[in-house]
Amino acid sequence: MEAVLREAQVEDHQPCIWSRRCARAGAGPRRHLHCSAMTTLTTSAPVLDARGGLPRTYHVRTLGCQMNVHDSEHMAGLLERAGYLRVEDVPEAAARATDAGDGGADVVIINTCSVRENAATRLFGNLGQLAAVKRERPGMQIAVAGCLAQQMGEGIVERAPWVDVVFGTHNLDVLPALLERARHNSAAAVELEESLKVFPSTLPTRRESSYAAWVSIAVGCNNTCTFCIVPSLRGKQRDRRPGDVLAEVEAVASQGAIEVTLLGQNVNSYGVGFGDRGAFAKLLRATGSVEGIERVRFTSPHPAAFTDDVIEAMATTEAVMPSLHMPLQSGSDRVLRAMRRSYRTQRFLGILDKVRAVMPEAAITTDIIVGFPGETEEDFQATLDVVEQARFASAYTFEYSPRPGTPAADRDDQVPTEVVKDRYRRLDALVRRIAHEENERQEGRVVEVLVAEGEGRRDSVTARISGRAADNRLVHVALPEGLAENDYAGGAPRPGDMVTVRVTHGAPHNLIADSARCGHELDPRAAAANEALKPGDRLWLDDGPALFQVRRTRAGDAWERRQAEACATPEPDTAPVSLGLPTLRVGAPV
């Protein structure tokens, strides 16, 4: 296993990049090291906690983007391979959970993000709460990972000396060994790499979902946006070989997943590293043809690299879903130039037009920053105009946050805070209005929803289940009257199953599909009681017939198997962990 996880330098020439060969990354210089020996992945982490009876448990808290979510899945896989168990699977440990977010675990990992200015403040606030828990829990360890760990390194331990382990974005594989080293030496272990040591996708993975999987196609970024700190923390873009990506897609499909999301900081620059600028379009088509995969998504593309062949692949590959998340950042060409974003608004809007011409039902979402240094009221109005024209299904809007070490942070024309907040409020109001209008346009549409776990916070109150439509909109679905959400034998869909319903209400942030309850009118008393409820809790009926059709899937079967295996509680040294590469483990739990 160690041989699988250790990697050598990338070969300059390979006979076929689409063959199933492991992507290899070279080791870079070491920045911080509290030990003269190189760290190697080991399987000898402690199994029992300080109480001597229960297995060691872990809890990962993830902050930030989808890359961090997927990295956390790798951390969980590494820990389970080393003998740790998820704290949720050990009720006696989970019962110790406190408001500090420890989950009751013996090992708490905080996977950090550094995009926002308050990231450090938030981290140290969390660490302060965990310090009190650690004092009362013998043997507890705290680890800090992710972009902020890569940025601050030993500075984290200097400010929070109760932290046991710090490691960065380039060396996830060292986590179990660092925990053991810190325990053995009774001292913090800090280890960072300047460049990628082990490609994360080769590491053990404990996927959070049995029906949908993240699949990384590249790490790092070659862009030089003046507001962004990510390239300095995740390094230059490194592409995985297409054959390796497809092998992982086949692996997750064999384990029951029916949806995959291809991940990268800039997915449509994929292939530049091995000399094939058309590689991403080819990869989309190839991924969509993998047996068992019904839904393919990707995030995030860069407008400057968005080519017509990708749009054609989206339109002609049945499994590629009609959804697109593409960051705008600003609607002002002057600001885009200052941001060093290598496109202009005309190109951005042109891409949207082309996508909608071949995929009229596509839901398009974006990211927007307000208050970038030097932004004038005219610049901001240009952003409002583009948002109005683009008709985004939703948008993630941010107040500009200066990050140390970025060119934008050093500019002397920072926009006053009160102006930024006012612009943010105006932009947010516009985004919300358009999103609501676009959701209302969905009323009456018949959609197939992939039922998800944990998407609807009030499902138990409203007798609904939740999931995502093909266009990635969140849909809350009413169950037929008298059917409990966990009555799978009685016809309730499991997470991972598909249900066909009709949208009966477009809410501000989601869709409601209560067509299972249509076909008859509520009596006056019930109608009055329903009308008195909050909009989100209300039953929304239309004049159409009842519609609620369940399609049981392999993904639902996989979810059910996983639930049964969790109840069985395997021995720590045989806890199921899937590997993305290079082997396929048919039937293995995900």
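See the structure printed just above.
Note that the coordinates shown come from a computational prediction; the quantities given were computed from them, not determined experimentally. (Residues numbered from 1 in each chain as written. Predicted model: local features only at pLDDT ≥ 70, side-chain atom pairs only at ≥ 80, totals over all residues. Heavy atoms only, no water.)

Draft legend 1. Region of the structure containing helix H10 (residues 279-288). The buried fraction of H10 is high, at eight of ten residues. For H10, the set of buried residues is Ala279, Phe280, Ala281, Leu283, Leu284, Ala286, Thr287 and Gly288. (Buried < 20%, exposed > 50% of the residue type's maximum accessible area, 1.4 Å probe, protein only. Helix = DSSP H or I, 4+ residues; strand = E, 2+ residues; numbered from the N terminus.)

Draft legend 2. Summary view of the pairing of strand S2 (residues 57-62). Pairing of S2 with strand S3 (residues 85-86) involves two bridges; the strand directions are parallel. Each residue of the ladder has a partner; that of Tyr58, found in S3, is Arg86. Here S2 pairs with strand S4 (residues 107-112) via five bridges, running parallel. Looking at S4, one finds that Thr62 is bridged to Asn111. (Pairing = 2+ DSSP bridges.)

Draft legend 3. Highlighting the state of the cysteines. Scanning all chains against the criterion turns up zero disulfides. Looking at the unpaired Cys147, the closest cysteine sulfur is the one in Cys113, lying at 6.2 Å. (Disulfide = S-S within 2.5 Å.)

Draft legend 4. A look at the packing of helix H9 (residues 242-254) against H10. Packing of H9 against H10 leaves a shortest axis separation of 10 Å and a crossing angle of 25 degrees. Considering their axes alone, H9 and H10 lie roughly parallel with respect to each other. Crossing handedness for the pair H9 and H10: right-handed. In this structure, H9 uses Pro242, Val245, Leu246 and Val249 to contact H10, whose residues at the interface are Leu283, Ala286 and Thr287. Here the residues of the contact of H9 with H10 are counted per class, giving six nonpolar, one polar and no charged. (Axes fitted to C-alpha atoms, helices over the stretch in contact; angles between N-to-C directions. Parallel < 35°, antiparallel > 145°, perpendicular 65-115°, else oblique. Left-handed = near helix turned anticlockwise from the far one by under 90°. Contact = heavy atoms within 4.5 Å. Nonpolar A, V, L, I, M, F, W, Y, C, P; charged D, E, K, R; others polar.)

Draft legend 5. Examining the environment of Gly556 more closely. Mapped onto the fold, Gly556 is located in helix H18 (residues 554-568). Exposure remark for Gly556: the relative accessible area of 0% places this residue in the buried category. In sequence terms Gly556 and Arg494 are 62 residues apart; their C-alpha atoms lie 5.5 Å from each other. With residues near it in sequence (within four places) discarded, Gly556 still touches Arg494, Pro495, Gly496 and Asp497.

Draft legend 6. Main features of the pattern of salt bridges. This model, assessed by the stated rule, comprises 40 salt bridges. In this structure, Glu438 and Arg391 form a salt bridge, with 3.1 Å as the shortest nitrogen-oxygen distance. Remark: Arg391 occurs in the loop between helix H14 (377-390) and strand S16 (394-399) and Glu438 occurs in helix H15 (residues 417-440); sequence separation between them is 47 residues. Residue classification places Arg391 among the partly exposed residues on the basis of a relative accessible area of 23%. Several salt bridges share partner residues, and in doing so they unite Glu375, Glu377, Asp422, Arg423, Arg425 and Arg426 into one network. (Salt bridge = Lys/Arg side-chain N within 4 Å of Asp/Glu carboxyl O.)

Draft legend 7. Region of interest: the pairing of strand S18 (residues 464-468). The buried count for S18 comes to four of five residues, which makes it a mostly enclosed element. Summarising the sheet, strand S17 (residues 446-451) and S18 pair through two bridges and their orientation is antiparallel. Of the residues in S18, the one forming a bridge with Leu450 is Arg468. Strand direction decides the pairing type here: S18 and strand S19 (residues 474-478), joined by five bridges, are antiparallel. Among the inter-strand pairings, Arg464 is bridged to a residue of S19, identified as Ala478. Hairpin geometry of S18 and S19 is characterised by an intervening segment of five residues between the two adjacent antiparallel strands and by a positive phi of about 75 degrees at Asn472.

Draft legend 8. Main features of unusual backbone geometry. For the bond from Thr299 to Ser300, the omega torsion is -10 degrees, close enough to zero to count as cis. Structurally, the position occupied by Ser300 is in the loop between strand S13 (295-299) and helix H11 (308-316). Positioned with a positive phi, Arg391 is a non-glycine residue whose angle comes to about 55 degrees. In this structure, Ala463 takes a positive phi of about 55 degrees despite not being glycine. Summarising the element assignment, Ala463 is placed in the loop between helix H16 (459-462) and S18.

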